[in-house]
Amino acid sequence: MPSQVLSTYRLQMRGDCCTFDDAVNLLDYLDELGVSHLYLSPILTASHGSTHGYDVTDPTTVSAALGGPDGLRRLSQAARSRGMGLIVDIVPNHVGVAQPEQNRWWWDLLTHGRASAYADYFDIDWDLDGGRIVLPVLGSDDDVADLAVDGELLRLGDLVFPVAPGTGGGTGAQVHDRQHYRLTGWRNGICGYRRFFSITSLAALRQEDRAVFDASHAEIKRWFDEGLVDGLRIDHPDGLSDPAGYLRWLRELTGPGAWIVVEKILAADESLDASLPVDGTTGYDALREIGGLFVAPSGKVRLTAVSGPPDPDAERTLKTAAVTHTLASELSRLCRAVTAVTGQHDEQLPTAVAALISRIGVYRSDYPALATILPVAFQETACAAPELTDALSAFSVALSTSAEVVSRFNQLCGAATAKAVEDCLFYRDARLVSLNEVGGAPELFGVSAAEFHQRTTTRGRAWPAAMTTLSTHDTKRGEDVRARIGVLSQVPVTWADSVERWATLTTPPDRETALFLWQNIFGVWPVDGNVTDELRVRLHSYTEKAIREAATRTSWHDPSVEFEDEVHGWLDRVLDEPVAAELTALVSRLDAHARNDSLGQKLIQLTAPGVPDVYQGTESTEDSLVDPDNRRPVDHAALHDALARGDDDKLRVTKAALTLRRARPDTFLSGDYTPLPATGSTAAHLVSFLRGEDVVVAACRWTVELAETGWADTVLALPDGQWTDRLSGRRWAGAVPVAGLLADSPVALLERTDD
């Protein structure tokens, strides 16, 4: 067996470029980098051609496109031979049903309806249409007339559906009317099954049923029975009916030694429930804390003036809209469940539920540690809208007496938060977009050293094996892009003057859209100003996604061709006209500061409490935006060459930290976290801490101002002993002038070497 999980390296498995055998070929490089475990994206059979694996169509088999069970075994054995191990991402909440014929469980359900052996596997709304499953997959209801009978199938373009035995005579529309499902237009807002958020191509599984759990986890159990993997990352457990119950079953399946982390998105004032049998979250909380350290609070006022003050009601308004429109089907089902419990129909109930959810700042509030959140939200809602008091009271009664109402309410709450905040508000807020990240809190404008040290100390004591991260397959910008954008907090006047001038040079079709996009363009702009065709295509793709997610003048449901054409035309003018030269000049001026912050946050993430994950390619500088941009294939051969040369600063820092973790596992797995404040006039520019008794980490920040003042009299008092910098090789002891310690690098990684 490999040693404990000290670090992970995330690979996006893809049949076209990153199979199990491809991963085997990366092991030498990753071993040399210092990685202890490969962390694989979902590897169960997914939709044909899937580039992410979250649309699992057969949870009982390992993907043949990746190499099947034999390929997984080869990878596991090859990793074990190097003392490394495997972590696998699993998706318990939903399966892919975009092409029903690829999912045998779903196909059987559509064929046989309630008589299907898999009828209880899915959360079907059997009361919605007289026992038929409503599938919102058509452009309009009229498309039913175009269905064609093909033997035992119904066809419409690329869509294929089963025909129940003995029901195949007549026209396509006539056959359709005899099926256990009804095809409808997606614009109706009606869906006959619980989805992943509002994605109709992902149908939720009822993991609260032990038979469903056992069937969907049989292959996963085999991995642990055969010793192929060492741990799991759990995708979106908050979408389940009973997350805590599911995790208890999973812990029984894997055994006590498996490393399990959950994709639990925590609010800034929320803690992970200590009763959960897991090792921690997947690290979005750490991402906010570490990245926020490098945001200069001095920039808040000026950047707020540029974008305008944030609307204090925006989040509540968007949540209400998400619940009542995007998630109307889920809201309706919840309200019917409430009516069944109370025996009373209240027309105000949907409004009351939406208003209540708008005042809940967490994904779900039914964890024991969050017991006070819901009653406070009830009271705030009642005070703000007295006319909803009766409906709120009825809903409270239903929550107190029905487990179904509790689970459906919390599932709706999480979906509303994701759709309203992460997938909408974070594409509208243009104050400092590097803060607009999954699990982020842009209203707090960064993280103070005091907050960081407190949170990190707590993680070290409560969740020492939690994952930490800076980039994932879901981040809206990669860590280096965020670091560069964050530098704008240090030069707010320069940025304000720049965007005002750029708006004159290249008038945008919408000021708010331009303010948001300019920061992202700045974040990925090449230092040499050479905008390649590839970058142009990537920026146009990002722009389309961003403006549709923002949904102010266009959206995914109702795209405005006119507005989108105007924005794309404006973007081309930005890339080709005088603004481009100014962007190049500004990026060139600030690039060194961005790289300083990139190295600082990387070293802190790799050495602070928790198990650090390195997302593929982020061991070196990269410029990814939101998915699918951040899932592009990585040139690992070039990275291996750079590692051998030793001329890539970020790669060098990553290797130094990971190999030190491997050399001193106890220091990083169980060693204390002790802040080491510097003293002197520029002490606030240094973040430093001690791990255990033998590792000191130091990183500078806010370097634009520091470049003008220098370190002056600032000193870092090292603990007793002799200390060697793993990056420079220089030795230090006692009170060290920071100007000397960081003379050649913005970071230092000191190891005690007097023993």
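On a predicted model such as this, the values are computed, not experimentally measured, just so you know.

## Structural notes on the packing of helix α21 (residues 533-550) against helix α22 (residues 561-576)
The relative placement of two packed helices comes down to the angle between their axes together with the axis-to-axis distance.
Piece 1. Between α21 and α22, the least distance of the axes is 11 Å, while the angle of their chain directions is 140°. Our pair here, α21 against α22, has a crossing hand that is right-handed. Facing Arg536, Leu539, His540, Thr543, Glu544, Ile547 and Arg548 of α21, the residues of α22 in contact are Phe563, Glu564, Val567, His568, Leu571, Asp572, Leu575 and Asp576.
Piece 2. Looking at the contact of α21 with α22 residue by residue, the classes come out as six nonpolar, three polar and six charged.

## Considering the UniProt feature "domain: Glycosyl hydrolase family 13 catalytic" (unreviewed entry) in the protein chain
Piece 1. UniProt's entry tags residues 6-664 with the feature "domain: Glycosyl hydrolase family 13 catalytic" (unreviewed entry), counted in the numbering of this structure.
Piece 2. For residues 6-664, the end-to-end C-alpha separation is 10 Å, with 46% helix and 11% strand making up the annotated structure.

## A look at the sheet that holds strand β14 (residues 231-234)
Piece 1. Strands sit in the order β16-β15-β14-β5-β2-β1-β18-β17 across an open sheet of eight strands; the sheet is parallel. Unpaired on one side and paired on the other, β16 (280-281) and β17 (467-468) mark the two borders of the sheet.
Piece 2. One ladder, built from four bridges, connects strand β1 (residues 8-11) with strand β2 (residues 37-40); its direction is parallel. Its bridge partner being in β2, Tyr9 is matched across the sheet by Leu38.
Piece 3. Helix α3 (residues 68-81) rests against β2 and β5 (85-90) of the sheet, and its axis sits at about 140° to β5.
Piece 4. Set on the sheet, helix α23 (residues 578-607) makes contact with β17 and β18 (611-615); between it and β18 the angle comes to about 135°.

## Some details on helix α12 (residues 328-342)
Piece 1. For α12, with 15 residues, the first-to-last C-alpha span of 21 Å sits near the 21 Å given by 1.5 Å per residue.
Piece 2. Along α12, the residues classified as buried are Ser329, Glu330, Leu331, Arg333, Leu334, Cys335, Ala337 and Val338.
Piece 3. Phi turns positive, to about 75°, at Gly343, one or two residues after α12.

## Topic: the side chain of Ser620
Piece 1. Here Ser620 is to be found in the loop between β18 and α24 (636-645).
Piece 2. The buried category is assigned to Ser620, whose relative accessible area is 9%.
Piece 3. Every residue in contact with Ser620, bar those within four places of it in the chain, is listed here: Asp480, Leu639, Asp648 and Lys650.

## Overview of the sheet that holds strand β19 (residues 673-675)
Piece 1. If you trace the six strands from one edge of the open sheet to the other, you get β19-β20-β21-β26-β23-β24, paired in antiparallel fashion. A single partner strand is all that each edge strand has here, and the edge strands are β19 and β24 (731-732).
Piece 2. Direction of pairing for β19 relative to strand β20 (residues 686-691): antiparallel, over a ladder of three bridges. If you follow Thr674 over to β20, its bridge partner there is Leu690.

## Structural notes on the packing of helix α15 (residues 389-401) against helix α16 (residues 403-422)
Piece 1. Axis separation between α15 and α16 bottoms out at 5 Å; the angle between their running directions is 110°. The angle between α15 and α16 places the two elements in the roughly perpendicular class. Between α15 and α16 the crossing geometry is left-handed. Between α15, through Phe395, Ala398, Leu399 and Thr401, and α16, the contact on the second element is made entirely by Ala403, Val405, Val406 and Phe409.
Piece 2. In terms of residue class, the contact of α15 with α16 is made up of seven nonpolar, one polar and no charged.

## A closer look at the pattern of salt bridges
Piece 1. The tally for this structure, following the rule as stated, stands at 65 salt bridges.
Piece 2. Note that Lys476 and Asp423 form a salt bridge whose closest N and O atoms lie 3.6 Å from each other. Taken as a pair, Lys476 in the loop between β17 and α18 (479-486) and Asp423 in the loop between α16 and α17 (449-462) lie far apart in primary sequence, 53 residues in all.
Piece 3. A residue is classified by how much of its surface remains accessible, and Lys476, at 5% relative accessible area, is buried.
Piece 4. Three or more residues are tied together by salt bridges with common partners; here these are Arg10, Asp89, Arg233, Asp235 and Glu263.

## What about the environment of Val747?
Piece 1. Structurally, Val747 can be placed in strand β26 (residues 747-752).
Piece 2. In contact with Val747, not counting residues within four places along its chain, are Leu599, Gly600, Leu603, Val653, Ala698, Ala699, Leu727 and Leu742.

## Quick word on the nonpolar core
Side chains of nonpolar character tend, in soluble globular proteins, to be buried together.
Piece 1. Counting 128 residues, the largest nonpolar core has Leu38, Trp223, Phe395, Phe409 and Ile604 as its most contacted members.
Piece 2. If near-sequence neighbours (up to four positions away) are discounted, Phe409 is found in contact with Leu334, Val353, Leu356, Ile357, Ile360, Leu374, Phe395 and Leu399.
Piece 3. Counting 50 residues, the second-largest nonpolar core is a separate cluster that includes Val306, Phe522, Ala550 and Val704.

## Some points on the pairing of β18
Piece 1. Among the five residues of β18, five are classified as buried, and the element is accordingly described as predominantly covered.
Piece 2. The alternating pattern of β18 places Val611, Asp613 and Tyr615 on one face and Pro612 and Val614 on the opposite face, and all of these are buried.
Piece 3. Across two bridges, the pairing between β17 and β18 is parallel. Along β18, the bridge assignment pairs Met467 with Val611.

## Focus on the side chain of Ser216
Piece 1. For Ser216, the position within the fold is in helix α6 (residues 210-216).
Piece 2. According to the relative accessible area criterion, Ser216 is buried, its value standing at 4%.
Piece 3. Within the structure, the side chain of Ser216 is placed 2.8 Å from the backbone oxygen of Val212, a separation counted as a polar contact.
Piece 4. When neighbours within four sequence positions are excluded, Ser216 is seen to be in contact with Pro59, Trp105 and Gln207.

## Brief notes about unusual backbone geometry
Piece 1. Cis geometry marks the peptide bond from Asp627 to Pro628; its omega dihedral reads 5°.
Piece 2. Inspection of the secondary structure puts Pro628 in the loop between β18 and α24.
Piece 3. Non-glycine residue His236 carries a positive phi angle of around 40°.
Piece 4. Among the secondary structure elements, His236 is positioned in the loop between β14 and α8 (243-254).

## Some remarks on the packing of aromatic side chains
Piece 1. Summed over all chains, the structure comprises 17 aromatic pairs.
Piece 2. Linked through ring pairs, Trp495, Trp502, Trp518, Phe522 and Trp570 together constitute an aromatic cluster.
Piece 3. The positively charged end of Arg10 is found above the aromatic ring belonging to Tyr39, 4.6 Å away from the centroid.
Piece 4. Over the ring of Trp702 we find Arg701, and its NZ or CZ is 3.8 Å from the ring centre.

## Structural notes on the state of the cysteines
Piece 1. Here the structure, examined in full by the defined rule, presents zero disulfides.
Piece 2. Summary of cysteine pairing: Cys383 is not part of a disulfide, and the nearest cysteine sulfur, belonging to Cys413, is at 19 Å.
Piece 3. Of all cysteine sulfurs, the one in Cys335 lies closest to Cys413, which takes part in no disulfide; the gap is 14 Å.
Piece 4. Among the residues examined, Cys413 registers a relative accessible area of 0% and is labelled buried.

## Re the environment of Ala684
Piece 1. On the secondary structure map, Ala684 appears in the loop between β19 and β20.
Piece 2. For Ala684, the residues in contact, after removing those within four places along its chain, are Arg701 and Trp702.

## Some words on helix α20 (residues 511-524)
Piece 1. Over its 14 residues, α20 extends 20 Å from the first C-alpha to the last, a length consistent with the 20 Å expected when each residue adds 1.5 Å.
Piece 2. α20 sits mainly inside the fold: twelve of its 14 residues count as buried.
Piece 3. For α20, the complete set of buried residues consists of Thr513, Ala514, Leu515, Phe516, Leu517, Trp518, Gln519, Asn520, Ile521, Phe522, Gly523 and Val524.
Piece 4. Buried residues along α20 sit in contact with α10 (300-307), α18, α19 (492-505), α21, α22 and α23.

## Quick look at the pairing of β2
Sheet faces and side chains relate simply in a regular strand, where the side chains alternate between the two faces.
Piece 1. Here β2 shows two buried faces, one formed by His37 and Tyr39 and the other by Leu38 and Leu40.
Piece 2. Both β2 and β5 contribute to a ladder of four bridges, which runs parallel. Paired with Leu40 across the strands is Val88, a residue of β5.

What counts and what doesn't
- Residues numbered from 1 in each chain as written.
- Predicted model: local features only at pLDDT ≥ 70, side-chain atom pairs only at ≥ 80, totals over all residues.
- Heavy atoms only, no water.
- Axes fitted to C-alpha atoms, helices over the stretch in contact; angles between N-to-C directions.
- Helix = DSSP H or I, 4+ residues; strand = E, 2+ residues; numbered from the N terminus.
- Left-handed = near helix turned anticlockwise from the far one by under 90°.
- Contact = heavy atoms within 4.5 Å.
- Nonpolar A, V, L, I, M, F, W, Y, C, P; charged D, E, K, R; others polar.
- UniProt positions renumbered as here; feature names shortened; annotations may be inferred.
- Pairing = 2+ DSSP bridges.
- Expected span 1.5 Å × (residues − 1).
- Buried < 20%, exposed > 50% of the residue type's maximum accessible area, 1.4 Å probe, protein only.
- Parallel < 35°, antiparallel > 145°, perpendicular 65-115°, else oblique.
- Salt bridge = Lys/Arg side-chain N within 4 Å of Asp/Glu carboxyl O.
- Core = buried A, V, L, I, M, F, W, Y, C linked by side-chain atoms within 4.5 Å.
- Polar contact = N/O pair within 3.5 Å; in protein donor to acceptor, adjacent residues only side chain to side chain.
- Phe/Tyr/Trp six-rings, centres within 6.5 Å; stacked < 30°, edge-to-face > 60°.
- Lys NZ or Arg CZ within 6 Å of the ring centre and 35° of its normal.
- Disulfide = S-S within 2.5 Å.

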